[in-house]
Amino acid sequence: MADKIERLTPEQEAELPAFRQKYLDRACNGARIERAPLTAALADAYTEIGKPPPRLFIFDSPAACMLAIKIMGPDFCRVQLGGQLRVQLGGQLGGQLGVQLGGQLWGQLGGQLGGQLWGQLWGQRIWNPNFLWGSQDLYWIAWGKFAEKIGVKLKLDTSRRLDIMDRIGAQCEWWWPFENVVIASEKPRIVRWDDDRRLHCENGPAVEYADGYSLFAWHGRRLPARWVLERDTIDPTEILREQNVETKAAGLACIGMARMLSALDAKVIDRDPNPAHGELIEVRLEGLPKPGRYLKAECPRNGTICEGVPDTITTVIEAQAWRVGLHPSEFRYPEYRT
């Protein structure tokens, strides 16, 4: 057995970002399934569990796949093979890599896109849990392939099965294996991220499929579609009624604190006579341990602004100075020309 690889060389470190990005692009570049390569990879997967090659049915989104399974009915999709394939294709990989590779080279795809989809689809009447992740497994398939690249020696069977999963993940997203039949979903047509690679879009879906099925997210947190699409007109009290604190906080950020304050019982700590200088406001949001303080001011260029400040700040001028990193004695209000 080779010695465990505890750290990457400088050359391997330099390769890793491009390698990781290659796999992320495979999952999120909007490419459509190529039927022949996917059919061949699925046939190889079924061979691993002693089954004949399946017929392949492709749909535009995971929701459409589950609707098709629902319509086909139990007689058509009775024998589920997901558990058997999961064990056979991936069961040995973690153990072999763990012996030879210290640490983990994880990506974001599974936690971000997979978790979001699971949360949105779970509980729907069409829900069918017997899927394998396909392109959303690429985050750890990439881990295995990079490990091989830097010298981890896998058994021949394990390496072959990793390659099968890699080929399937390169083509489709979630897929449902049954006796003689596979139902497979196309990958998203569009995936949008923020600068920290979290699902995010300010004016539309963060994830969009060809049939219109979509996910809406604000800096990685899934939101109802109308909170994003109607963010300029939605009643802030609808967001305040949300029970999940993290979802509520994301909704608050989505519509803007200035609009949210209009629906809150806000306490004015300090107010400057000039509205451009603003007022210091304290509000308590349900579920948070203590009140938050915000500087609310009128900007001639950007309209109403609202920015969180430390709870130790007690005056408007302290808040304004804190925003630009100055001591209050050093701060001077800017002069705006019209």
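Each remark here, short or long, concerns the structure printed above.
No experiment lies behind these values; they were computed from the predicted model shown. (Residues numbered from 1 in each chain as written. Predicted model: local features only at pLDDT ≥ 70, side-chain atom pairs only at ≥ 80, totals over all residues. Heavy atoms only, no water.)

K.L.:
Could you clarify how one ought to interpret the overall build of the protein in this entry?
P.N.:
Helix and strand content of the protein: 13 helices and 12 strands. Counting only residues that meet the buried cut, the protein has 44% of its 338 residues in that class. Taking all contacts inside the protein whose residues are at least 6 apart in sequence as the whole, residues at least 24 apart take part in 61%. In the form shown here, the protein has an accessible surface area of approximately 17500 Å², with 50% of it arising from carbon and sulfur atoms. (Helix = DSSP H or I, 4+ residues; strand = E, 2+ residues; numbered from the N terminus. Buried < 20%, exposed > 50% of the residue type's maximum accessible area, 1.4 Å probe, protein only. Contact = heavy atoms within 4.5 Å. Areas by Shrake-Rupley, 256 points an atom, 1.4 Å probe, with all protein chains shown as cover.)

K.L.:
Is there a simple way to explain the nonpolar core in this structure?
P.N.:
Across soluble globular proteins, you tend to see nonpolar side chains buried next to one another. Judged by nonpolar contacts, the single largest core of 63 residues is most densely connected at Leu-38, Leu-85, Leu-121, Ile-168, Trp-174, Trp-175 and Trp-176. Aside from chain neighbours lying at most four places away, what touches Trp-175 is Leu-42, Leu-85, Asn-130, Phe-131, Leu-132, Gly-134, Ile-168, Val-182, Ile-183 and Ala-184. (Core = buried A, V, L, I, M, F, W, Y, C linked by side-chain atoms within 4.5 Å.)

K.L.:
Would you mind showing me how to read helix H2 (residues 35–48) here?
P.N.:
For an α-helix, 3.6 residues make a turn, and residues three or four places apart therefore share a direction. Taking 1.5 Å per residue as the helical rise, H2 with its 14 residues ought to reach 20 Å, and the 20 Å between its terminal C-alpha atoms agrees with that figure. Every buried residue belonging to H2 is among Leu-38, Ala-41, Leu-42, Ala-43, Ala-45, Tyr-46 and Glu-48, and all of these are buried. Each element contacted by the buried residues of H2 is listed here: strand E1 (55–59), helix H4 (82–90), helix H8 (156–169), strand E2 (175–178) and strand E3 (181–185). Just beyond H2, the residue with positive phi is Gly-50, at close to 70°. (Expected span 1.5 Å × (residues − 1).)

K.L.:
Sorry, what's going on with the sheet that holds strand E6 (residues 214–215) here?
P.N.:
Strands in a sheet are paired, the pairing made by backbone hydrogen bonds, and the direction either parallel or antiparallel. Reading across the sheet, the 3 strands line up as E4-E5-E6 and stay open at both edges, with antiparallel pairing between neighbours. The open sheet terminates on both sides in strands that have one partner only, identified here as strand E4 (190–191) and E6. (Pairing = 2+ DSSP bridges.)

K.L.:
Help me understand the sheet that holds E2 in this model?
P.N.:
Taken in spatial order, the 3 strands make up an open sheet running E1-E3-E2, and their pairing is mixed. With one partner strand each, in any of the chains shown, E1 and E2 form the two edges of the open sheet. Here the strands of the sheet are splayed against their neighbours by 15° on average, with no regard to which way each runs. Note that E1 and E3 share 5 bridges and pair parallel. Note that in E3 the partner of Phe-59 across the bridge is Ser-185. Where H2 meets the sheet, its contacts fall on E1, E2 and E3, and the angle it forms with E1 comes to roughly 130°. Set on the sheet, helix H3 (residues 62–72) makes contact with E1, E2 and E3; between it and E3 the angle comes to about 150°. (Axes fitted to C-alpha atoms, helices over the stretch in contact; angles between N-to-C directions.)

K.L.:
What is the right way to read the environment of Gln-21 from this model?
P.N.:
Mapped onto the fold, Gln-21 is located in helix H1 (residues 10–28). Taking C-alpha positions, Gln-21 is 9.9 Å from Ala-142, a pair spaced 121 residues apart along the chain.

K.L.:
Honestly, the environment of Arg-125 in this entry has me stumped. Any pointers?
P.N.:
Assignment of secondary structure puts Arg-125 in the loop between helix H6 (109–121) and helix H7 (138–149). Sequence separation between Arg-125 and Leu-67 is 58 residues; the distance between their C-alpha atoms is 9.0 Å.

K.L.:
For this particular structure, what's the right way to read the packing of aromatic side chains?
P.N.:
Geometry of an aromatic ring pair is reported as the spacing of the ring centres plus the angle between the planes. For the coordinates displayed, the defined rule picks out 8 aromatic pairs. Arranged with centres 3.8 Å apart and planes meeting at 0°, the rings of Phe-131 and Trp-174 form a pair that is stacked. Of this pair, Phe-131 sits in the loop between H6 and H7 while Trp-174 sits in the loop between H8 and E2, placing them 43 residues apart in sequence. As far as burial versus exposure is concerned, Phe-131 and Trp-174 are alike and both buried. Between Phe-331 and Tyr-333, the ring centres sit 5.1 Å apart and the planes meet at 85°, which makes this aromatic pair edge-to-face. Look at Phe-331 and you get buried, because its relative accessible area is 8%. Note on Tyr-333: relative accessible area 24%, which makes it partly exposed. (Phe/Tyr/Trp six-rings, centres within 6.5 Å; stacked < 30°, edge-to-face > 60°.)

K.L.:
Sorry if this is basic, but what is going on with the packing of H2 against H4 here?
P.N.:
When two helices pack together, their arrangement is given by the angle between the helix axes and the distance between those axes. Contact pair H2 / H4: the axes reach a minimum separation of 9 Å and the direction vectors enclose 90°. Considering their axes alone, H2 and H4 lie roughly perpendicular with respect to each other. In this structure, H2 contributes Ala-45, Tyr-46 and Glu-48 to the contact, and H4 contributes Leu-85, Gln-88 and Leu-89. Broken down by class, the residue content of the contact of H2 with H4 amounts to 4 nonpolar, 1 polar and 1 charged. (Parallel < 35°, antiparallel > 145°, perpendicular 65-115°, else oblique. Nonpolar A, V, L, I, M, F, W, Y, C, P; charged D, E, K, R; others polar.)

K.L.:
Can you walk me through unusual backbone geometry in this structure?
P.N.:
Excluding glycine, residues mostly have negative phi values, and the peptide bonds linking residues are mostly trans. The phi dihedral of Asn-180 falls on the positive side, at around 75°, and the residue is not glycine. Assignment of secondary structure puts Asn-180 in the loop between E2 and E3. Notably, Arg-197 is not glycine yet its phi reads approximately 60°, a positive angle. Checked against the element boundaries, Arg-197 lands in the loop between E4 and strand E5 (207–208).

K.L.:
Looking at this structure, I do not really get H4. What am I missing?
P.N.:
Along H4, the positions that sit buried rather than exposed are Gly-82, Leu-85, Leu-89 and Gly-90. On an axial view of H4, the arc spanned by its buried residues comes to 90°, and they lie on one face. (Arc of directions from axis to C-beta.)

K.L.:
Explain the pattern of salt bridges to me, please; I cannot follow it from the model alone.
P.N.:
If the charged atoms of two oppositely charged side chains come close together, the side chains can form a pair. On inspection of all chains with the given rule, the structure shows 21 salt bridges. A salt bridge links Glu-48 to Arg-160; the shortest N-O distance between them is 2.8 Å. Linking Glu-48 in helix H2 with Arg-160 in helix H8, this pair joins segments that are 112 residues apart in sequence. What makes Glu-48 buried here is its relative accessible area of 15%. A relative accessible area of 37% means that Arg-160 is categorised as partly exposed. Between Arg-161 and Glu-48 there is a salt bridge, with its nearest N and O atoms 2.8 Å apart. In this pair, Arg-161 sits in helix H8 while Glu-48 sits in helix H2, placing the two residues 113 residues apart along the sequence. (Salt bridge = Lys/Arg side-chain N within 4 Å of Asp/Glu carboxyl O.)

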